[in-house]
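Structure assessment
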Amino acid sequence: MLEGRLVRLRATEPADRERVHSWVNDPEVTRYFTMRYPAAADDWVWLVDGPPNGFGFVRLAIETKAGLHIGAVNLYQTNAEDSSAGLGIIIGEKDAWSKGYGADAVVTLLRFAFGEMNLHRIWLRTLEYNERAQACYRKCGFQEEARLRQDVYRHGRYHDLVVMGILRDEFEALHGAAYVEGGGDA
Amino acid sequence: MLEGTLVRLRALEPEDLDREFTWINDREVTRFLSMRYPTSRAAEERWLRDRPANDFANGLFLAIETRDGVHIGNVNLMEVNPEDRKAGLGIMIGDKQYWANGYGADAIVTVLRFGFGEMNLNRIWLNVFEFNERAQACYKKCGFVEEGRQRQHYYGQGRYWDVVVMGVLRDEFDALHGVEAGL
């Protein structure tokens, strides 16, 4: 269990399946992702179930401090030599948007990635029109590194994909030491 | 292929079986290693065949060849841990006529340079029996520091022996040998 300021991150459970199923079938949610197709309950089961969390893949449920399961966050394509990983996040409960939960979840996971997994770099990719997310990532310390032109086709046209990254030093300059005894002030 | 000064390190091949089989059944060689039991050619063949490819998760198992192409032993990095960025080192010079000629040290420095410079490790450790003084001298020359002694940790030749634990850190290796080589 990773404690943030507004959220906690816990391991996903099979019982989370139904909630996730509703998120990935909500076009208002999925418009920001590359999830295009109507999905069966088992299609996105990897978001909640699979091998135990480890260096190769981390998948966590985002819960408010009151215990409401609002989204998921994960690290993927973890590379041991390059000490890097990609970050993905979904806030599936729309009522929870724009309340700071996303930034808190991201910073909490970054603290784990740098302070416990000993990673050097975290990157992410986001659609150009997901401006709320980009503002959130910038607040967390991510910088735009590349713009893959017309990389994704959705909603009838091509869109750029924005690549952002954050290095360990940059995280610590902004948020303080990655490892903080008893959890940090995200 | 990893290039050293006296040796090069390459992946093991099925053709290495005969040499491997001879060395691991030679008690004069294996008394310095943790292999005790006579091993069949079939078992060794199976081990060679089933070995996964060299990579970060599985570690490295490499043949040591002289510059003339003679396969004289093996060196390996094992128990590679991505969070702790560490690995264990093992080495065997199976062909006894090549002992005490600097081949071991050259193989070690070459694989350490790979571990630090390509695998991005921070620490490499090893265990060595207290009676293997030649190896301990070799490891120290390569930059290893004695860190501890596990008392009576090994039983062989009729009695208990201490196991010496040694380690080298990236900064130490870099100061001694340089990590950024061959860019």
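Preceding this section is the structure that the text describes.
Residues numbered from 1 in each chain as written. Chains lettered and ligands numbered in written order. Predicted model: local features only at pLDDT ≥ 70, side-chain atom pairs only at ≥ 80, totals over all residues. Heavy atoms only, no water.

1. Structural notes on the nonpolar core
Condition: The set of buried Ala, Val, Leu, Ile, Met, Phe, Trp, Tyr and Cys residues whose side-chain atoms join them within 4.5 Å is what this entry labels a nonpolar core. Residue exposure (1.4 Å probe, protein chains only): buried if accessible area is under 20% of the type maximum, exposed if over 50%, otherwise partly exposed. What counts as a helix is a DSSP run of H or I of at least four residues, what counts as a strand is a run of E of at least two, and both are numbered from the N terminus. By definition in these notes, contact holds between two residues if any of their heavy atoms fall within 4.5 Å.
The biggest cluster of nonpolar side chains holds 78 residues, and the ones touching the most others in it are L87(A), I122(A), F142(A), L89(B), Y139(B) and F144(B). Sort the elements by how many residues they give to this core and helix 3 (residues 101–115) of chain A lands first, with nine residues. Setting aside chain neighbours within four positions, we find Y139(B) in contact with L89(B), I91(B), I108(B), L126(B), V128(B), F144(B) and M166(B). Among the nonpolar cores identified, the runner-up in size contains 10 residues, and V20(A), V24(A), L47(A) and I90(A) belong to it.

2. What about the pattern of salt bridges?
Keep this limit in mind: Any carboxyl oxygen of Asp or Glu that lies within 4 Å of a side-chain nitrogen of Lys or Arg is treated as forming a salt bridge with it.
Under the counting rule described, the total for this entry stands at 26 salt bridges over all chains. Between E3(A) and K65(A) there is a salt bridge, with its nearest N and O atoms 2.8 Å apart. Of this pair, E3(A) sits in strand 1 (residues 2–3) while K65(A) sits in the loop between strand 3 (58–64) and strand 4 (69–79), and the two are 62 residues apart along the sequence. You can call E3(A) partly exposed: its relative accessible area is 34%. The partly exposed category is assigned to K65(A), whose relative accessible area is 37%. Note that E65(B) is salt-bridged to R10(B), the shortest N-O span being 2.5 Å. On the criterion of sequence distance, the pair formed by E65(B) in strand 3 (residues 60–66) and R10(B) in strand 2 (residues 7–11) is long-range, its members being 55 residues apart.

3. Quick word on the packing of aromatic side chains
Each aromatic ring pair is specified by the distance between its two centres and by the angle formed by the two planes. Heads up, the condition is: Centres within 6.5 Å make a pair out of two Phe, Tyr or Trp rings, where for Trp the six-membered ring is used; the pair is then stacked when the planes are under 30 degrees apart, edge-to-face when over 60, and tilted otherwise.
Per the counting criterion, the structure on display carries 16 aromatic pairs over all chains. Measuring from centroid to centroid gives 5.9 Å for Y137(A) and F142(A), while their planes differ by 65°, and the two rings are edge-to-face. Y137(A) gets classed as buried once you look at its relative accessible area, which sits at 8%. The class of F142(A) is buried, set by a relative accessible area of 3%. With centroids separated by 5.2 Å and ring planes inclined at 75°, the aromatic side chains of Y155(B) and Y160(B) adopt a geometry described as edge-to-face. On the basis of relative accessibility, which here comes to 47%, the residue Y160(B) falls in the partly exposed class. Each residue in the set F32(B), W99(B), F129(B), F131(B), Y154(B) and W161(B) is aromatic and connected to the rest through ring pairs, giving one cluster.

4. Focus on the packing of helix 1 (residues 17–24) of chain B against helix 3 (residues 41–50) of chain B
Residues and elements named next belong to chain B. Condition: Each axis is a line fitted through C-alpha atoms, taken for helices only over the stretch in contact, and angles between the N-to-C directions span 0 to 180 degrees. Angle categories: roughly parallel below 35 degrees, roughly antiparallel above 145, roughly perpendicular from 65 to 115, and oblique for all the rest. Here a crossing is called left-handed whenever its near helix is offset anticlockwise from the far helix by less than a right angle, and right-handed whenever the offset is clockwise.
Interaxial distance between helix 1 and helix 3 falls to 10 Å at its minimum, and their mutual angle equals 125°. Taken together, the axis directions place helix 1 and helix 3 in an arrangement best described as oblique. The crossing of helix 1 and helix 3 is right-handed. Contacts between helix 1 and helix 3 involve L17, D18, E20, F21 and I24 from the former and R41, E44, E45 and L48 from the latter.

5. Brief notes about the side chain of D26(A)
Considering the arrangement of structural elements, one finds D26(A) in the loop between helix 1 (17–24) and helix 2 (27–30). Its relative accessible area of 16% is what places D26(A) among the buried residues.

6. Some remarks on the interface of chain A and chain B
Filter applied, for reference: A 1.4 Å probe defines the accessible area here, and the buried area is the portion of it lost by two parts on being joined, summed over both. Three categories are distinguished: nonpolar for Ala, Val, Leu, Ile, Met, Phe, Trp, Tyr, Cys and Pro, charged for Asp, Glu, Lys and Arg, and polar for the others, with Gly belonging to the last.
Contact with chain A, which involves seven residues of that partner, is made by seven residues of chain B. Of the roughly 630 Å² buried between chain A and chain B on both sides combined, carbon and sulfur atoms contribute 52%. On the chain A side of the interface with chain B, the three residues burying the most area are F55(A), A80(A) and E81(A), jointly 68% of the side's total. Inspection of the chain A/chain B interface yields zero salt bridges. Of the residues in the side of chain A that touches chain B, the class split is three nonpolar, two polar and two charged.

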